[in-house]
Amino acid sequence: MAQIKELRCCVCGRTYTPGTVQYVCPACGEIGTLDVLYDYEQLQYVFDRETFTSTRPGMWRYKVLLPIAPSAKVPPLPVGGTPLYDSPRLAKALGVRRAWVKDDGRNPTASLKDRASSLVVAKAMETGVQIVSAASTGNAAAALAGIGASVGLRIIIFVPATAPEAKIAQLAVYGAEVLLVEASYDTAFDLCFTLSQQEGWLCRNTGINPFTTEGKKTVSFEIAETLHWEVPDVLVTSVGDGNIIAGVYKGFWDLLQLGWIERIPRLVGVQASGCAPLVEAWKTGANAVDMEPIQTHTIADSIVAALPRDRAKALRAVRQTDGAFVAVSDEEILESIPQLARLTGVFAEPAAAASFAGAHRAVKSGVIHPEESVALLITGNGLKDIRSAQSAVSGGQRVPPDLEAIRKILHP
Ligand SMILES: *Cc1c(COP(=O)(O)O)cnc(C)c1O
Ligand SMILES: [Zn+2]
């Protein structure tokens, strides 16, 4: 059973018995995000890789490797089980041996965040909590609002009052209570966390709730299982707070502890050049604890983080796997939306298409080698941000309602 053995601080290494801490390491504060650890020897003894072949599709097929009771109810919206496309044309365009696209925009609320929200909502159901909160301007909040709605939970979202209207609309559609805080995301985050603790709500905030990475790790399980446990040489994903790349790492790390895979792929994290604190820290060898908030400016709104909340885990994921962080410009990100779509048929929002732009850069700069195989994680659907897509393409050609005229245009 997936009983948690202990929670371990990723900064100081202190361990805690399950139930004694709910969020971050009390000794380190918010930088000390916790790893959820299991008794891998016992799990190995009870399960093997074939355990999954007969179970349902989606992330809950890995329930035995998630921190939840085997009999616990889970939300009904199907999360995960997203396709992994093997794309020779993409491989050729990137100049690598082989390339895959994992399309996680095909989740119920159209981003990878659904994996984390589904687990957090399942935990709320397991413990009988009625109210779940989150601070976020975008996909994390939408995922919590949507999955919370599927089970009738009360969801309270804190967003900066300046958040994009479309994103606020998606939250409101799902019936979440949306508090437009007249301050920055960071202030909204702190208000949400403090009030949640005072009111007894479960707080989903990225980087403080240890279960978000546990939910997100299922994307790695799926990639490994789909490829018959032969993992790609490199996995590329975009990075804001660093929670996704931390989850990807944890998934492969779990599988390595179980002896089901032989190595963890090299993890390449992509940031927008207008918001690249982790690229900077990786280049200078800085420690997560020494990082300071920076000024940010990018169109890829889902990867804006002045001081990435999960910076400690994100740096570890890249350093431990001999990976890299790369930065790409907003122009490269915008161009990559139609490029990726035309090569693979997958339409990504700017923050997700950034992984394609980053992979391109990483190959050009020698970070990824031509003989390597590469998986791109597409974290959010392009329909989330139509405006950015429109700015990257010219849309259509006006024609008169006349066959002859149309023929002339098609065969000039
Ligand atoms: C949240 C998000 C990211 C970045 O994830 P972090 O955990 O913040 O690093 C990337 N792409 C999309 C579409 C997202 O919603
Ligand atoms: Zn600690």
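If you're wondering where the values come from, they're calculated on a predicted model, not measured in any experiment.

Caption draft 1: Spatial organisation of the coordination of the zinc ion (ligand 2). Coordination of the zinc ion (ligand 2) by the protein comes from Cys9 (SG), Cys12 (SG), Cys25 (SG) and Cys28 (SG), over a distance range of 2.3 to 2.4 Å. In this structure, the zinc ion (ligand 2) is coordinated by four donor atoms arranged in tetrahedral fashion, with angles at the metal of 105 to 115°. Sequence spacing of the donor residues for the zinc ion (ligand 2), all on one chain, is C-x2-C-x12-C-x2-C. Taken together, the residues Cys12 in the loop between strand E1 (4-9) and strand E2 (15-16) and Cys25 in the loop between E2 and strand E3 (34-38) connect sequence positions 13 residues apart.

Caption draft 2: Just the sheet that holds strand E8 (residues 177-181), in detail. The four strands are arranged E8-E7-E6-E9 in an open sheet whose pairing can be described as parallel. The open sheet is flanked by E8 and strand E9 (202-203), the only strands paired with a single partner. Pairing between strand E6 (residues 131-135) and E9: two bridges, direction parallel. Directly across from Val132, in E9, lies its bridge partner Leu202. In this fold helix H4 (residues 139-150) packs onto E6 and strand E7 (154-160), with an angle of close to 165° to the strand it touches most, E7.

Caption draft 3: Layout of the packing of helix H9 (residues 243-257) against helix H11 (residues 311-320). Look at H9 against H11: their axes get within 8 Å of each other, and the N-to-C directions meet at 50°. Judged by the inter-axis angle, H9 sits oblique to H11. Remark: the crossing between H9 and H11 carries left-handed chirality. In this structure, H9 contributes Ile245, Ala246 and Tyr249 to the contact, and H11 contributes Lys313, Ala314, Arg316, Ala317, Val318 and Gln320. A breakdown of the residues in the contact of H9 with H11 according to their chemical character gives six nonpolar, one polar and two charged.

Caption draft 4: Structural detail: the site of ligand 1. In the vicinity of ligand 1 lie 16 residues, with Lys113, Asn139, Gly240, Gly242 and Thr379 positioned nearest. Within the side chain of Asn139, a nitrogen or oxygen atom sits 2.7 Å from an oxygen atom of ligand 1. Here an oxygen atom of ligand 1 and a backbone polar atom of Ile244 are 2.8 Å apart. Protein coverage of the free-state accessible area of ligand 1, which is 380 Å², stands at 96%. The site holding ligand 1 turns out to be the largest pocket. Its residues placed into classes, the shell around ligand 1 shows four nonpolar, eight polar and four charged.

Caption draft 5: Fine view of the pattern of salt bridges. Enumeration over the complete set of coordinates arrives at 21 salt bridges. Lys313 is the salt-bridge partner of Asp35, the closest N and O atoms lying 3.9 Å from each other. Here the residue Asp35 occupies a position in strand E3, and Lys313 occupies one in helix H11, the gap between them amounting to 278 residues. Classification of Asp35 as buried rests on a relative accessible area of 6%.

Caption draft 6: Up close: empty space enclosed by the protein. The full count for this structure, using the stated rule, is one cavity of 30 Å³ or more. Taken as a whole, the largest cavity encloses approximately 40 Å³ of empty space. Taken together, Thr33, Leu34, Gly207, Ile208, Asn209, Pro210, Thr212, Thr213, Asn243, Asp310 and Lys313 make up the lining of the largest cavity. For the lining of the largest cavity, the class distribution of residues is three nonpolar, six polar and two charged.

Criteria and thresholds
Residues numbered from 1 in each chain as written. Chains lettered and ligands numbered in written order. Predicted model: local features only at pLDDT ≥ 70, side-chain atom pairs only at ≥ 80, totals over all residues. Heavy atoms only, no water. Donors = N, O, S within 2.8 Å, 3.2 Å for Na, K, Ca; no water. Tetrahedral: all angles 85-135°; square planar, octahedral: opposite > 155°, others 65-115°. Helix = DSSP H or I, 4+ residues; strand = E, 2+ residues; numbered from the N terminus. Pairing = 2+ DSSP bridges. Contact = heavy atoms within 4.5 Å. Axes fitted to C-alpha atoms, helices over the stretch in contact; angles between N-to-C directions. Parallel < 35°, antiparallel > 145°, perpendicular 65-115°, else oblique. Left-handed = near helix turned anticlockwise from the far one by under 90°. Nonpolar A, V, L, I, M, F, W, Y, C, P; charged D, E, K, R; others polar. Near = heavy atom within 4 Å. Polar contact = N/O pair within 3.5 Å; in protein donor to acceptor, adjacent residues only side chain to side chain. Areas by Shrake-Rupley, 256 points an atom, 1.4 Å probe, with all protein chains shown as cover. 1 Å grid on protein atoms, 1.4 Å probe; cavity = no way out; pocket = protein on both sides within 12 Å on 5 of 7 lines; lining within 4 Å. Sits in = over half its atoms within 2 Å of the grid points. Salt bridge = Lys/Arg side-chain N within 4 Å of Asp/Glu carboxyl O. Buried < 20%, exposed > 50% of the residue type's maximum accessible area, 1.4 Å probe, protein only. Points joined across faces, edges and corners; volume = space filled by probe spheres on them.

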